[in-house]
Amino acid sequence: MPTICIAVPLEPRYEVLVGRGLLAETASRSAHYSARALLSDTHVAPLYAGALGLPEATRAHLLTPGESSKNLDELERTLEFMARTGLDRSACLLLLGGGVVGDLGGLAAALYMRGIDFVQLPTTLLAQVDSSVGGKTAVNLAAGKNLAGVFRQPALVLADTGTLATLDAEEYRSGLGEVLKTALVAGEALLARLESARAELAARDPDLLAEVVAECVRTKAAIVARDPTEKGERAKLNLGHTFAHAIERVAGYGAIPHGVAVGTGLALALRLSERLQIVREPALRARVEALLAAFGIPTTLAALRTRYHAQLEPSELVRSMRLDKKSVAGRPRFVLPRAVGELALGIELEDSALETVLEAA
Ligand code: NAD
Ligand code: GLY
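Let us look at the structure shown here. Worth saying up front: this structure is predicted, and the values here are computed from it rather than measured. (Residues numbered from 1 in each chain as written. Chains lettered and ligands numbered in written order. Predicted model: local features only at pLDDT ≥ 70, side-chain atom pairs only at ≥ 80, totals over all residues. Heavy atoms only, no water.)

## Structural notes on the overall build of the protein chain
Thought 1: A count of helices and strands for the protein chain gives 15 helices and 11 strands.
Thought 2: Whereas a compact globule of 361 residues would reach a radius of gyration of roughly 21 Å, the protein chain reaches 20 Å, a difference of no more than 12%.
Thought 3: Once the C-alpha set of the protein chain is aligned to its principal axes, its extents read approximately 60 × 40 × 40 Å.
Thought 4: Buried residues in the protein chain amount to 57% of all 361 residues.
Thought 5: Look at the contacts in the protein chain between residues 6 or more apart in sequence, and 72% of them connect residues 24 or more apart.
Thought 6: For the protein chain, the computed accessible surface area is about 14100 Å², with 51% contributed by carbon and sulfur atoms. (Helix = DSSP H or I, 4+ residues; strand = E, 2+ residues; numbered from the N terminus. Rg over C-alpha atoms; globule rule 2.2 N^0.38 Å. Buried < 20%, exposed > 50% of the residue type's maximum accessible area, 1.4 Å probe, protein only. Contact = heavy atoms within 4.5 Å. Areas by Shrake-Rupley, 256 points an atom, 1.4 Å probe, with all protein chains shown as cover.)

Right, dumping it as structure tokens:
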């Protein structure tokens, strides 16, 4: 399948290229910068840094893999690395890895000398369909997920779908959680495509993956272009996330992959939507739960607790939701499905009603 190019029509405009073998274009597409440095993690760098074709002398800083690295200490170490490397304001930081490298590295690039360019080289399905596009950068605080961050768009995204072959089953599953979220935002065509292509998705069929990644990027790029800083419509992309962020925090960051928590969060959002009589399609929860089951993502809190040996007490989850970035005056706000591709934004409810839904799940 030829490379697919999706433009994100912001000012400045940037491109997201999707296809196999794209990492090999990194060196030529970043040759115009005064200097380049690489941020990756100790798992991804040995697999893919060599494919970038960078000069041997290119300096690299490697994080310990996983969510536990997405913190202020690692951010400071990355900034010190950039300074030691002598990057100037015309230099560029190359971010090779999943959403942790992309989120922390994007924030480091945004802060360093008040902002230098960065190129996203996403190597997980989650990062290719979601986190590498749209300019949300952040690290976690003890008080909550992604609480310290800024919006800053990448200069370029090269999503090499060939890298998805080496993802372990759990990380691939996590990406599928965000793919399913995007389908519920995008509409019937993508949801039906996922349903009809379950077997090819499970087999990581390369052409199907490129098609699905590109469709998710198109969906996200269009929303981000209309609402880059989440003043309104972009909140749609947070479907399932109020639940997911609380689940991740209460379980301990890294214990449950982000996209798996989002997947379970989608099922919980549908339960809540049914209880509040917001959803209009009676079969929607069954369709979503069937896809989650096919992907191996728990559809209930009870199943999530068992799989990950996590407590996930409803009262703890509600307490954590109050700290979510989307909360207003301590009240969590939800994005809830009305139908495929149609979402209700900014739904608030009493803690007791929320706990009732969580206790039943
Ligand atoms: P991750 O970055 O922790 O990567 C998961 C694991 O996969 C790591 O151990 C990594 O070393 C390994 N890995 C990466 N690529 C690989 C490959 N090709 N082959 C083998 N192993 C590989 O996790 P993630 O799921 O990519 O990202 C999760 C993070 O993204 C969370 O912190 C979440 O909050 C964030 N996120 C951000 C946005 C956004 O808009 N900025 C959107 C969604 C999620
Ligand atoms: N992942 C949600 C967003 O980028 O807005």
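Text resumes after the structure shown.
## Here's the deal with helix α12 (residues 284-295)
Three- or four-residue spacings in an α-helix give side chains the same orientation, since the helix completes a turn every 3.6 residues.
Thought 1: An ideal rise of 1.5 Å per residue puts 16 Å on 12 residues; α12 measures up with 17 Å between its terminal C-alpha atoms.
Thought 2: Of all the positions in α12, only Leu284, Arg285, Val288, Glu289, Leu291, Leu292 and Phe295 are classed as buried. Considered in projection along α12, the buried side chains sweep an arc of 160 degrees and stay on one side of the axis. (Expected span 1.5 Å × (residues − 1). Arc of directions from axis to C-beta.)

## A few points about the site of ligand 1
Thought 1: Within the structure, ligand 1 sits among 28 residues, and Glu67, Thr123, Thr124, Lys145 and Thr166 are positioned closest to it.
Thought 2: Take glutamate 67: an N or O atom from its side chain is 2.6 Å from an oxygen atom of ligand 1.
Thought 3: Interatomic distance of 2.9 Å between a backbone N/O atom of threonine 163 and a nitrogen atom of ligand 1.
Thought 4: About the coverage of ligand 1: the protein hides 92% of its 870 Å² of free accessible area.
Thought 5: Elements supplying a minimum of two residues to the shell around ligand 1: α2 (44-48), α4 (99-111), α5 (125-131), β8 (144-151) and α6 (169-186). (Near = heavy atom within 4 Å. Polar contact = N/O pair within 3.5 Å; in protein donor to acceptor, adjacent residues only side chain to side chain.)

## Focus: the pairing of strand β3 (residues 36-41)
Thought 1: In terms of residue burial, β3 counts as a mostly covered element, since 6 of its 6 residues are buried.
Thought 2: Residues Arg36, Leu38 and Ser40 line one face of β3 and the alternating positions Ala37, Leu39 and Asp41 line the opposite face, and both faces are buried.
Thought 3: Relative to strand β5 (residues 92-97), β3 runs parallel, the two being bridged by 4 bridges. Paired with alanine 37 across the bridge in β5 is leucine 93.
Thought 4: Of the strand pairs in this sheet, β3 and strand β4 (residues 60-63) are connected by 4 bridges, and their pairing is parallel. (Pairing = 2+ DSSP bridges.)

## Structural notes on the site of ligand 2
Thought 1: Near ligand 2, the surroundings consist of Asp130, Lys136, Lys220, Glu230, Arg234, Leu237 and Asn238.
Thought 2: Taking aspartate 130, its side chain carries an N or O atom lying 3.2 Å from a nitrogen atom of ligand 2.
Thought 3: Interatomic distance of 2.8 Å between a side-chain N/O atom of arginine 234 and an oxygen atom of ligand 2.
Thought 4: Here ligand 2, which alone exposes 200 Å², has 90% of that area covered by the protein.

## Some details on the pattern of salt bridges
Thought 1: In total, this model carries 24 salt bridges according to the counting rule given.
Thought 2: For lysine 136, the salt bridge goes to glutamate 230, with nearest N and O atoms at 2.5 Å. Here glutamate 230 lies in the loop between α9 (206-226) and α10 (241-251) and lysine 136 lies in strand β7 (residues 136-141), a separation of 94 residues in the sequence.
Thought 3: Salt-bridge contacts for lysine 181 lead to glutamate 178; the nearest nitrogen and oxygen are separated by 3.1 Å. A residue pair is termed a helical-turn pair when its members lie 3 or 4 positions apart in one helix, as lysine 181 and glutamate 178 do in helix α6 at 3 residues. The exposure classification of lysine 181 matches that of glutamate 178, with both residues buried. (Salt bridge = Lys/Arg side-chain N within 4 Å of Asp/Glu carboxyl O.)

## Notes on unusual backbone geometry
Thought 1: At the junction of glutamate 11 and proline 12, the peptide bond is cis and its omega measures out at 0 degrees in the coordinates.
Thought 2: At arginine 114, a residue that is not glycine, the phi angle is positive and equals roughly 65 degrees.
Thought 3: Along the chain, the position of arginine 114 falls in the loop between α4 and β6 (117-122).

## Observations regarding the sheet that holds strand β9 (residues 156-160)
Thought 1: Pairing is mixed in the open sheet, where 7 strands are placed in the order β1-β2-β9-β6-β5-β3-β4. Two strands close off the open sheet at either side, each with one partner strand: β1 (4-8) and β4. Taken over all neighbouring pairs, the strand axes of this sheet differ in orientation by 15 degrees on average, direction set aside.
Thought 2: For β1 and strand β2 (residues 14-19), the ladder comprises 5 bridges, and the chain directions are antiparallel. In the sheet register, isoleucine 4 faces β2, and the bridge partner there is valine 18.
Thought 3: The strands that helix α3 (residues 72-85) touches are β3, β4 and β5; relative to β4, the one it contacts most, it runs at about 170 degrees.
Thought 4: Each of β3, β4, β5 and β6 touches α4; the most contacted strand, β5, lies at about 165 degrees to it. (Axes fitted to C-alpha atoms, helices over the stretch in contact; angles between N-to-C directions.)

## A look at the packing of α6 against helix α7 (residues 188-196)
Thought 1: Viewed as axis vectors pointing N to C, α6 and α7 meet at an angle of 140 degrees, and their least axial separation amounts to 6 Å. It follows from the interaxial angle that α6 and α7 lie oblique. Seen from α6, the contacting residues are Val179, Leu180, Thr182, Ala183, Leu184 and Ala186; seen from α7, they are Leu190, Leu191 and Leu194. (Parallel < 35°, antiparallel > 145°, perpendicular 65-115°, else oblique.)

## With respect to empty space enclosed by the protein
Thought 1: Under the counting rule described, the total for this entry stands at 1 cavity of 30 Å³ or more.
Thought 2: If you add up the space inside the largest cavity, you get close to 80 Å³.
Thought 3: What lines the largest cavity is a set of 13 residues, among which Gly144, Lys145, His245, Ser320 and Asp324 lie closest to the centre.
Thought 4: Within the residue set of the lining of the largest cavity, elements represented by two or more residues are β8, α10 and α14 (314-322).
Thought 5: At 4 residues, the largest contribution of residues to the lining of the largest cavity is made by α10.
Thought 6: Looking at the lining of the largest cavity residue by residue, the class counts come to 5 nonpolar, 4 polar and 4 charged. (1 Å grid on protein atoms, 1.4 Å probe; cavity = no way out; pocket = protein on both sides within 12 Å on 5 of 7 lines; lining within 4 Å. Points joined across faces, edges and corners; volume = space filled by probe spheres on them. Nonpolar A, V, L, I, M, F, W, Y, C, P; charged D, E, K, R; others polar.)

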